[in-house]
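A closer look at the structure
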Amino acid sequence: MRRFATERAKKLISSYHHQRSLLSSSQSPRFFTSVASDPSSVMSSSSPPVTLDTINPKVLKCEYAVRGEIVSQAQHLQQELQAKPGSHPFDEILYCNIGNPQSLGQQPITFFREVLALCDHPSILDRSETQGLFSADSIQRAWQILDLIPGRATGAYSHSQGIKGLRDHIAAGIEARDGFPANPNDIFLTDGASPAVHMMMQLLIRSETDGILCPIPQYPLYSASIALHGGALVPYYLDEAKGWGLEVSELQKQLKEAQSNGITVRALAVINPGNPTGQVLAEDNQREIVEFCKNENLVLLADEVYQENIYVDEKKFHSFKKVSRFMGYGEDDIALVSFQSVSKGYYGECGKRGGYMEVTGFSADVREQIYKVASVNLCSNISGQILASLVMNPPKVGDESYESFIAEKDGILSSLARRAKTLEDAFNSLEGITCNKAEGAMYLFPRIHLPQKAIEAAKALKKAPDALYASRLLEATGIVVVPGSGFGQVPGTWHFRCTILPQEDKIPAVVSRLTAFHEAFMAEYRD
């Protein structure tokens, strides 16, 4: 038997060497020549390796309006202004398209930046001059944070879920906010809330028959993420006539319709306070939403990044986790993911890319899979992690920085409330515009009742009517807003989203420019 195997092996080796010799002989060039002489091969080699026809179709399907066509147009105008001042009837571009506070002049919170600076350059902590430049509590906090970081190295990778000590601080902040325990192992630190949303879509969407219930209007992160991951957006419409109210009857209607079309609905996304609509949910409404998710066995995706941005006395922010725990529902009753970001609130640290998600109600084996997805990205950036911990654990009464911190925080939020009211009143004073109150967040979402001639003009240009309005507004005033069609809206209605972020001393100019433009636009297209 052994002799047979040996002889068989010799024959295989001999055959292998014979084939190699054929390849190295004169037959080999004939093989390559025949390939090169094939016309189709030549054509394919001269074609670009990547075209719109050959990229992932999910990317083509994905859209993100807040940085879309209008913003490209604005950037082009900005370049023209820089190259040739006075070339347009305005001297600056006002980017009211995105919640980016510091780009419009908002100053960072002093305490947060002092701690960040000290953590990034710890060698100055022991210098005598540091005591005169930085507050005592920022120095103390920097030492505390550095002690939590292995090697005190802010330039090193961290645990994929985020630095454990910083997650401890965030969990303590959540517990202080809600009055219910929070587990640091439930917290995943991310580069802003957006990657956290993408992670959950990766987890939940298995195919095009998996759907996510999303509000309309919605922040286009959700539609874009669902498209990229190959799922189905199941829309539920907010009621504009009721201050952008969320009706559970609408959720039930859309859920049943999706199921009848073969869609398995996996989750419900809720944005509170609302983006782009600015409403703040009442606690009773939140209870109904929690009950709906529990009864329908849906994951509740709670986008709560604007939790600090509340501008009306009659409304308060309540996290969905707090509401569900008050209702008596624990880990075994409802799956809930809460998103938070350092980009919004009064902090506005968009460029630092800090945020987290708190994941509750998931089994241990599913949590391992979420951790695996987080590990693919190694870790979120350390500055963002530090900022997220500071946002949830700011200076306390008795700390040296407390009074200045409160003054900065209250100053920003009260100014935002005034700006929201001024812009709301201005919109409602214009012909054909109605605007709900901004109860929270950073935006107004006015409805434009456009003349039929304007709608026809937009069709001729193959534009949505609100996109035509936004484009013309930009050309005339330098003000950048986002067409409502980029967020979704009831068919036949037209809106635009405008931030409340231009500095308060610029709001009168925004109002006057917008008013003059709107009056001229309506006169031009009046039926």
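Up top you'll find the structure we're talking about.
Report on the accompanying structure. Values in this document were obtained by computation on a predicted structure and should not be read as measured data. (Residues numbered from 1 in each chain as written. Predicted model: local features only at pLDDT ≥ 70, side-chain atom pairs only at ≥ 80, totals over all residues. Heavy atoms only, no water.)

Some details on the packing of aromatic side chains
In this structure the tally under the stated criterion is 15 aromatic pairs. Ring centres of F180 and F326 lie 5.2 Å apart, and the angle between their planes is 90 degrees; this geometry places the pair in the edge-to-face category. Of the two residues, F180 is situated in the loop between α9 (164-178) and β2 (187-190) and F326 in helix α14 (residues 320-326); the sequence distance between them amounts to 146 residues. With 5.8 Å between their ring centres and 85 degrees between their planes, F445 and F487 make a pair best called edge-to-face. Pair noted here: F445 is in the loop between β10 (443-444) and β11 (447-448) and F487 is in the loop between β13 (482-483) and β14 (496-499), with a separation of 42 residues, a long-range link. Note on accessibility: F445 and F487 belong to one class, buried. Three or more aromatic residues link up through ring pairs in this structure, and these residues are F427, Y469, F496, F517, F521 and Y525. Of note, R497 hangs over the ring of Y443, and the distance from its end group to the ring centre comes to 3.9 Å. (Phe/Tyr/Trp six-rings, centres within 6.5 Å; stacked < 30°, edge-to-face > 60°. Helix = DSSP H or I, 4+ residues; strand = E, 2+ residues; numbered from the N terminus. Buried < 20%, exposed > 50% of the residue type's maximum accessible area, 1.4 Å probe, protein only. Lys NZ or Arg CZ within 6 Å of the ring centre and 35° of its normal.)

Describing the pairing of strand β4 (residues 232-237)
The side-chain alternation of β4 yields one buried face, formed by A232, V234 and Y236, and one unburied face, formed by L233, P235 and Y237. Judged from the six bridges that link them, strand β3 (residues 210-216) and β4 form a sheet pairing that is parallel. The residue of β4 that forms the bridge with G211 is A232. After leaving β3, the chain enters helix α11 (residues 221-228) and then returns to the sheet as β4, a path that is right-handed. (Pairing = 2+ DSSP bridges. Right-handed = clockwise from strand over helix to strand, strands pointing away.)

Some remarks on the pattern of salt bridges
Scanning the model with the defined rule gives 17 salt bridges in all. Notably, a salt bridge pairs D210 with R206, separated by 2.7 Å at the nearest N-O pair. In this structure, D425 engages K421 in a salt bridge whose closest nitrogen and oxygen atoms are separated by 2.8 Å. In this pair, D425 and K421 both sit in helix α17 (residues 402-428), four residues apart, roughly one turn of the helix. For D425, a relative accessible area of 38% corresponds to the partly exposed category. In the salt-bridge network here, residues are joined through shared partners; they are R206, D210 and R266. (Salt bridge = Lys/Arg side-chain N within 4 Å of Asp/Glu carboxyl O.)

Notes on α17
A rise of 1.5 Å per residue sets the reference length of α17, with its 27 residues, at 39 Å; its end C-alpha atoms lie 39 Å apart and thus fit the reference within 8%. Every buried residue of α17 is accounted for by F405, K409, I412, L413, S415, L416, R419, A420, L423, E424, A426 and F427. Those residues of α17 that are buried lie in contact with α6 (110-120), β9 (433-434), β10, β14 and α20 (507-525). (Expected span 1.5 Å × (residues − 1). Contact = heavy atoms within 4.5 Å.)

So, the sheet that holds β4
If you trace the seven strands from one edge of the open sheet to the other, you get β2-β8-β7-β6-β5-β3-β4, paired in mixed fashion. The open sheet is flanked by β2 and β4, the only strands paired with a single partner. Across the sheet, the mean angle separating the axes of adjacent strands is 20 degrees when strand polarity is ignored. As judged from the four bridges shared by strand β6 (residues 299-303) and strand β7 (residues 336-341), these two strands associate in the parallel manner. Considered in β7, the bridge of L300 is made with L336. Sheet strands touched by α9: β2 and β8 (355-360). Its angle to β2, the strand with the most contacts, is close to 115 degrees. (Axes fitted to C-alpha atoms, helices over the stretch in contact; angles between N-to-C directions.)

Concerning the sheet that holds β13
The three strands lie next to each other as β10-β14-β13, forming an open sheet whose pairing is antiparallel. The sheet is open, and its two borders are formed by β10 and β13, each paired with just one other strand. Pairing analysis gives two bridges linking β13 to β14, with the strands arranged antiparallel. Following the sheet pairing, V482 is matched in β14 by R497.

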